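# Remarks on the overall topology
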Amino acid sequence: MARMTEFDNVIDLDKETGTKSRKWIVLLVIIGLAAACYLTGAIYFHSHFYSRGSVFGIPMMNQTVDSLKEQIREKVGEYTIEIETRDGVEKLTAKQIGLDYDDQGELEKLLDEQKEFAWVLLFLGPKDDHEIDVKHDDARLSMAVSSLSCLQEQNMTAPTDAFLSYEGSSYVIKEETYGNKLDPDKTEEAIREAINAGENSISLEEHGLYENPEINKDTPELVKECEELNDLTDIVIVYDFGDRQWHVNGAQISEWVVLGDDFTYTLDEDAVKDFVHEMAYHTDTFGLSRKFRTTGGTEISLKGGDYGWCINQSKTTSQLLDLIEAGESVTVEPEYRYSGVCRDSNDIGDTYIEISIAAQTMWVYKDGKRVVSTPVVTGNVSGGHSTPAGGVWAIDARLRDYTLTGQDYNAPVEYWMPFNGNVGIHDSSWRSEYGGDIYKTNGSHGCINTPLSAMKTVYESVKIGYPVVVY
């Protein structure tokens, strides 16, 4: 093997030294180029923007102040903003609103604030959208905005809240409507701000400029109120009048419900009172005219007396309100001021006392069966004590062993049944004859004198309140 000489070592050292020198040269060149690029960039961005943002919608990067101004003026002149409404799209142009760029030196200020030596960080910078002053003619802008179709009074419809409505047989929630009503002042302000920002469109919906309903179909309080009202109207209250009835159902109750503004409701007491008044008008019989078929088969008209039915309207109104609030279906009778025996349209019914002045006869019927037929003596006509007739009265009392007293008499009786003040039915032991024409000259002081044998049956067959027909 050949031996490495001293000369060979010298050659190797020279090679190593040369390699290191070349590396340093390359490094210095790179550093120099980087520095040159950095300085070039700093010089460049001394007059150019490196911001990743925009101004009036125009990207700023690599733009000079003059180039941006030129583009801004051009864009301002061609500017159009689309106004998105609920009914479509409307437009405003720069000419309509007298739009022009109002150069206040904002760009120069932005460039002065820019640190050109930090341009290498430009990709890390924010994407700010800078505002500039764009001047417009306030009067022309206001006129242009106020002329928009969406702001014409005849084209705007106000929103409506969801509400309850009784339909068919129950309450339902009628959905809200949104309409398209705008606040003119707020709308103009929003459009003005969009123009100043160089925006090409604005959604009036997204800016919340429309008036919207405050209550919708899913509002919990409204849903709850609907359920409560359906419980209230899902009842039937029946007022029983014998052969006829008056019904209070959901449809009727719904007419009395007064809805409040805070999801509450009340019942219209005046309307309920009117209903009770109407019911009383058609069903009360107290003191009213009646048709009556006599034992002899003749139909006569009766008027007056104190027999019959009369609803206590005040108490019945309270009763009905309580029944509705209770929410239960029931059959009831109204509260009465005066009551009779039979509640049918013919309230005399088939249990009554019939007295014929002309025939001087009294009949007693019980459940349609005649239980008494007896001659009687009524009031003395010649003495001015005629028995009141032509009406229907009610038995006021049933008394035994009673003494009748008057101005010129004091008469004990075994049975006493008054029906018209001091006029009543009683036995008369002082008489031996009944019927005929006795009453015309030797009648009673107005009472119905009855044979004792018949009077006992009358007393046992009749109760307080039974009707007494006198004709």
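Our structure is the block above this text.
To keep things clear, this report deals only with the structure shown in the data block. As the structure is a prediction and not an experimental result, all values here were calculated from the model. (Residues numbered from 1 in each chain as written. Predicted model: local features only at pLDDT ≥ 70, side-chain atom pairs only at ≥ 80, totals over all residues. Heavy atoms only, no water.)

### Observations regarding the environment of Gly-443
Using the following cut-off: Where helices and strands are cited, they refer to DSSP runs of H or I of at least four residues and of E of at least two residues respectively, numbered from the N terminus. The rule is simple: take the accessible area with a 1.4 Å probe, protein chains only, and divide by the maximum for that residue type; under 20% is buried, over 50% is exposed, in between is partly exposed. Pairs of residues are marked as contacts when any of their non-hydrogen atoms sit within 4.5 Å.
Relative to the helices and strands, Gly-443 is located in the loop between helix 11 (438-442) and strand 27 (448-450). The exposure class assigned to Gly-443 is buried, which follows from its relative accessible area of 15%. Sequence separation between Gly-443 and Glu-414 is 29 residues; the distance between their C-alpha atoms is 19 Å. Non-local contacts of Gly-443, meaning those with residues more than four positions away in its chain, are made with Val-377, Thr-378, Gly-379, Asn-380, Arg-431 and Ile-438.

### Digging into the packing of helix 2 (residues 65-77) against helix 4 (residues 106-113)
Angle between the axes and distance between the axes: these two values describe a pair of packed helices. Here is the rule: Each axis is a line fitted through C-alpha atoms, taken for helices only over the stretch in contact, and angles between the N-to-C directions span 0 to 180 degrees. Crossings are assigned a handedness: left-handed for a near helix turned anticlockwise from the far helix by less than a right angle, right-handed for a clockwise turn. Residue polarity follows a fixed list, in which Ala, Val, Leu, Ile, Met, Phe, Trp, Tyr, Cys and Pro are nonpolar, Asp, Glu, Lys and Arg are charged, and the others, Gly among them, are polar.
The contact between helix 2 and helix 4 brings their axes to 10 Å, and the two run at 145°. Considering the relative orientation of helix 2 and helix 4, their crossing is right-handed. Between helix 2 and helix 4, the residues in contact are Val-65, Leu-68, Lys-69 and Ile-72 and Leu-107, Glu-108 and Leu-111, respectively. In terms of residue class, the contact of helix 2 with helix 4 is made up of five nonpolar, no polar and two charged.

### A few points about the nonpolar core
Taken as a class, soluble globular proteins show a tendency for nonpolar side chains to be buried jointly. Heads up, the condition is: Put simply, buried Ala, Val, Leu, Ile, Met, Phe, Trp, Tyr and Cys residues joined by side-chain atoms within 4.5 Å make one nonpolar core.
Of all hydrophobic cores here, the largest spans 42 residues; its most connected members are Ile-237, Tyr-239, Trp-256 and Leu-320. Those elements that provide at least two residues to this core are helix 7 (220-233), strand 11 (237-240), helix 8 (250-256), helix 9 (269-283), strand 16 (299-302), helix 10 (313-326), strand 21 (361-366) and strand 23 (391-394). The greatest single-element share of this core, amounting to six residues, is contributed by helix 9. Apart from residues lying up to four places away in sequence, Ile-237 is in contact with Trp-246, His-247, Val-248, Leu-320, Leu-323, Ile-324, Glu-328, Val-330 and Val-332. If you look at the next biggest cluster of nonpolar residues, it comprises 36 residues, including Val-65, Ile-72, Ile-97 and Leu-141.

### Description of the state of the cysteines
Basically, it comes down to this: Disulfides are defined in this document as cysteine sulfur pairs within 2.5 Å.
The tally for this structure, following the rule as stated, stands at zero disulfides. Cys-310 provides the cysteine sulfur closest to Cys-342, a residue in no disulfide bond, and the two sulfurs are 17 Å apart.

### Things to note about the sheet that holds strand 3 (residues 80-85)
Pairing between the strands of a sheet comes from backbone hydrogen bonds, and it takes one of two forms, parallel or antiparallel. Here is the rule we go by: A pair of strands counts as paired when DSSP detects no fewer than two bridges linking them.
Spatially, three strands are ordered 4-3-10 in an open sheet, and the strand pairing comes out mixed. Unpaired on one side and paired on the other, strand 4 (88-93) and strand 10 (201-203) mark the two borders of the sheet. The average angle at which neighbouring strand axes cross in this sheet is 20°, direction not considered. By the bridge criterion, three bridges tie strand 3 to strand 10 in an arrangement that is parallel. Within the sheet, the bridge partner assigned to Glu-82 lies in strand 10 and is Ser-201.

### Comments concerning the packing of aromatic side chains
Applicable threshold: Stacked, edge-to-face and tilted are the three classes for Phe, Tyr and Trp ring pairs, Trp counted by its six-membered ring, which pair at centre distances within 6.5 Å; planes under 30 degrees apart are stacked, over 60 edge-to-face, the rest tilted. By the criterion adopted, a ring carries a charge over it if an Arg CZ or a Lys NZ lies within 6 Å of its centre and within 35 degrees of its normal.
Evaluated as defined, the whole model comprises 11 aromatic pairs. A centroid spacing of 5.2 Å and a plane angle of 65° characterise the contact between Trp-256 and Phe-275, whose relative ring orientation is edge-to-face. Here Trp-256 is found in helix 8, whereas its partner Phe-275 is found in helix 9, with 19 residues between them in sequence. The burial state of Trp-256 is the same as that of Phe-275; both residues are buried. Here a set of aromatic residues connected by ring pairs shows up, and it is made of Phe-292, Tyr-352, Tyr-365 and Tyr-471. For Arg-86, the ring lying beneath its charged end belongs to Tyr-210, and the centroid distance is 4.2 Å. We note Arg-398 situated over the ring of Tyr-459; from NZ or CZ to the ring centre the distance is 4.1 Å.

### A few points about unusual backbone geometry
Outside of glycine, negative phi angles account for most residues, and trans bonds account for most peptide bonds. Here Phe-263, not a glycine, exhibits a phi torsion of approximately 60°, which is positive. If you trace the backbone, Phe-263 turns up in the loop between strand 13 (257-259) and strand 14 (265-267). For Phe-263, a relative accessible area of 25% corresponds to the partly exposed category. Its identity as a non-glycine residue notwithstanding, Asp-367 has a phi of 55°, on the positive side.

### A short note on the pattern of salt bridges
Quick reminder of the rule: The working definition used for a salt bridge is a side-chain nitrogen of Lys or Arg within 4 Å of a carboxyl oxygen of Asp or Glu.
This model, assessed by the stated rule, comprises 13 salt bridges. Linked through salt bridges whose partners overlap, the residues forming this network are Lys-69, Asp-103 and Glu-108.

### Observations regarding the packing of helix 9 against helix 10
This is how the line gets drawn: Should an angle lie under 35 degrees it is considered roughly parallel, over 145 roughly antiparallel, and from 65 to 115 roughly perpendicular; all remaining angles are considered oblique.
At a closest axis distance of 9 Å, the pairing of helix 9 and helix 10 adopts a crossing angle of 125°. Comparing their axes, helix 10 and helix 9 come out oblique. Judged by the sense of rotation from one axis to the other, the crossing of helix 9 with helix 10 is right-handed. Counting all contacts with helix 9, which are made through Glu-269, Val-272, Lys-273, Phe-275, Val-276, His-277, Met-279 and Ala-280, the residues of helix 10 involved are Gln-313, Thr-316, Thr-317, Leu-320 and Leu-321. Of the residues belonging to the contact of helix 9 with helix 10, the class tally is seven nonpolar, four polar and two charged.

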